[in-house]
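# Survey of secondary and tertiary structure
Chain by chain, the residues:
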Amino acid sequence: MSLVEDPKGYWTDLTVAEKGVTAGVVLFAGALLVSLLTGGLTPTYFLYLVGIAGMYALLSLGLNSQWGFSGLINFSVAAFFGIGAYGTALASASGSPIAGGLPPVVGLLAALALAAILALFIGIPTLRLRADYLAIASIGLAEVVRLIVLNQDDWTNGSAGVRGIPSFFDGWPVLGTFPETMPTLVFGSGPGATVLSTSFWQALSNVALVLAFVGVSYLVLRRAHRSPWGRVLRTIRSDEDLARALGKNTYSFKMQSFVLGSLIMALAGVFYAHLNLYVSPGDLDPITTFYVWVAVILGGSGSNRGALFGGVVIVAIQEGTRALPLDAAPIRLLAIGVIIVLLMRFRPQGVLPPQRELIWPGTVDETPQQPDSGVRETKAGEK
Amino acid sequence: MSEQTTDTETAATMSKDDVVLSVDGLVKTFGALVATDHATFEVERGTITGLIGPNGAGKSTLFNLISGFYETDEGSVSVNGTDVTGQEPYEIADHGLIRTFQTPRKLEGMTVREAMLVGPRNQPGESFLKLFTAPGEVGEAESKNMADVDRILEEFEIDHLATQPATKISGGQMKLVELARAMLSEPEILLLDEPAAGVNPTLRNKLAEQIRRLNEQGTTMLLIEHDMEFVMELADPVIVLDQGSVLMEGRPDEVQSDDRVIDAYLG
């Protein structure tokens, strides 16, 4: 049912959770709008937040592709994120100790290539084994990558980090000079006036970049997961032996899924490097992995919409707690801890568990006849 | 396994092309336990061959060896004259040997129709690249498979389950779905691991009916079953396994009256 053709029918067709999330998103957007208009939130900072939310959404989509769809436990999200960030930074930054000065697009490709190599490196020995081995190896991998970045001074500048990263559109026709050529706009007057200057346009182009990354990743994953390819992965997740007995090369399927997810995580890292213009070993801290896992579980494992939602919630908590008149770091961790406990108690399947989006068109009639944790609930009045 | 043995094996089975599965001198040990001890037998095309034996006789181990889930210590397995010893389960499935499981696990988040759609082998849509480079081909294959699924579900008289979540159907229905799905893989030989275990009498009869129907349509089957009655009414010949090796092979009535078999079961 289309939102445009029949908005009322679309609304009644949503599940309770979907309605709740929609309402929450509308309220949240409203609150943001109000703080934008009242000057509580500057437009540039707002766009920065959208960028960070997009980055977390990418990381969550990547992990969802591995864990949510294929049951692969990857505790090295931060490593793939870091590889993406360092890959592009080392290729394009003026402060890079090895290459440097290359166009950011080359950096992007280098980052993706590095991430794919790293994924194969960890996948080849572990994906033939039980799921736990990948989990254990990935914990080690994350530390190995972090320590290499920290200690290989002549490759990565070590703890000093890499400075002088250009913005992603640097050197592009039109887009490259877009922030500088746009005029400075002033709304209102006096000290409360909103000024949209170069940094605003810069932030705007960053948001465009992350939205493009998220959009492409989402569409690719959606296509892949609803296809026979994704169906095999979901079979592997439930019962790998069954998939093998039906003639599926499960090792190859798991490897493809693992590499795909890792590439999307690296994409988040690439965006981060060109947003922050500086990367350091601190960006590879395991806490990122933890946040992303929370985002995926919160959204609902196996649901791409859920991953997007989870990513945004994590950023809302991280950045929202900054406004509190308290030391925010413990509050942030506390809030996330409380969310996990409540979630496991009351909604272990996540807020937006996989429903229609999983199902290849035509494999179900409009609605399944029985509710199921993984399938949308039957509406009143239907059989 | 030496090259020479493989060649003679192939030659031997080629000359009798009515043999679909040939198991030769299979050995599997777990530590000191000899689970399979030089098991040798053949399954002829078009038969339902029963495989029975007391608990611990090594039936399931043998199944896992044949389908590639366990590595063999000695001996060989050939499907349609091709030596498949040491191959991965998915490679063996590609030679047309499809197996079912004693306790099928239910596929989460899938409808029965979707769970069935995993069955067909070598679907173009299972290639990640083709999803984006050849969407037309993927879509066509999917429509064809969907039609096949609906046809087979109807033949099995379980088309009313098509849109049910696969986690919500009963164990007996799941066994029917599994059998139906196996047929979508177009097996040369179907290995059924205790299809009647834990199934209520009505569904059990339905299963037996379907197995017989598929066999009449030309599907060769190897059937492990605890339920004697079920085996005896369906299978011919019956192979009796005891302590990992073949005790005897014969018609159901021969097997039932054989002293060695009675000893093995009672002793």
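## What about the overall build of chain A?
The number of helices and strands found in chain A is 15 helices and two strands. The C-alpha atoms of chain A give 22 Å as radius of gyration, which agrees with the globular expectation for 383 residues (21 Å, within 12%). For chain A, the spread of C-alpha atoms along the principal axes amounts to about 60 × 55 × 45 Å. Taking all 383 residues of chain A together, 47% fall into the buried category. A separation threshold of at least 6 residues defines the contact pool for chain A, and within that pool the share at least 24 residues apart is 71%.

## Here we look at the packing of helix α10 (residues 228-238) of chain A against helix α12 (residues 250-276) of chain A
Residues and elements named next belong to chain A. As a packed pair, α10 and α12 sit with axes 10 Å apart at the nearest point and diverge in direction by 110°. Considered as vectors, α10 and α12 are oriented roughly perpendicular to each other. Residue-level inspection shows V232, L233 and I236 of α10 in contact with α12, the latter providing T250, F253, K254 and S257. Per-class residue counts for the contact of α10 with α12 are four nonpolar, two polar and one charged.

## Overview of the domain arrangement of chain B
When its domains are assigned, chain B resolves into domain 1 (7-104 + 186-266) and domain 2 (107-168). If you average the C-alpha positions of domain 1 of chain B and of domain 2 of chain B, the two centres end up 28 Å apart.

## Focus on the sheet that holds strand β1 (residues 19-30) of chain B
Spatial ordering of the open sheet is given by β2-β1-β4-β5 (chain B), a layout of four strands whose pairing is antiparallel. Two strands in the sheet have a free side with no partner beyond their single neighbour: β2 (33-44) and β5 (82-83) of chain B.

## Considerations on unusual backbone geometry
All names here are of chain B. A cis amide bond, omega 5°, links D236 with the succeeding residue P237. Note on placement: P237 falls in the loop between α9 (228-234) and β9 (238-242). One non-glycine residue, H38, adopts positive backbone phi at about 50°.

## Let's talk about the interface of chain A and chain B
Across the boundary between the two partners, chain A contributes 35 residues, which contact 35 residues of chain B. When contributions to the side of chain A that touches chain B are tallied by element, the ones reaching two or more residues are α9 (198-225), α10 and α11 (240-245) of chain A. Tallying contributions element by element places α10 of chain A first for the side of chain A that touches chain B, with seven residues. Residue composition of the side of chain A that touches chain B, by class: 14 nonpolar, 12 polar and nine charged.

## With respect to the environment of G9 of chain A
Residues and elements named next belong to chain A. Inspection of the secondary structure assignment puts G9 in helix α1 (residues 7-13). Judged by local crowding, G9 falls into the exposed class, with 11 C-beta atoms found within 10 Å. Each C-alpha atom of the pair G9 and P348 lies 29 Å from the other, and the pair is 339 residues apart in sequence.

Analysis parameters
Residues numbered from 1 in each chain as written. Chains lettered and ligands numbered in written order. Predicted model: local features only at pLDDT ≥ 70, side-chain atom pairs only at ≥ 80, totals over all residues. Helix = DSSP H or I, 4+ residues; strand = E, 2+ residues; numbered from the N terminus. Rg over C-alpha atoms; globule rule 2.2 N^0.38 Å. Buried ≥ 20, exposed ≤ 12 C-beta atoms within 10 Å, placed from the backbone. Contact = placed C-beta atoms within 7 Å. Axes fitted to C-alpha atoms, helices over the stretch in contact; angles between N-to-C directions. Parallel < 35°, antiparallel > 145°, perpendicular 65-115°, else oblique. Nonpolar A, V, L, I, M, F, W, Y, C, P; charged D, E, K, R; others polar. Domains from an automatic or database assignment. Pairing = 2+ DSSP bridges.

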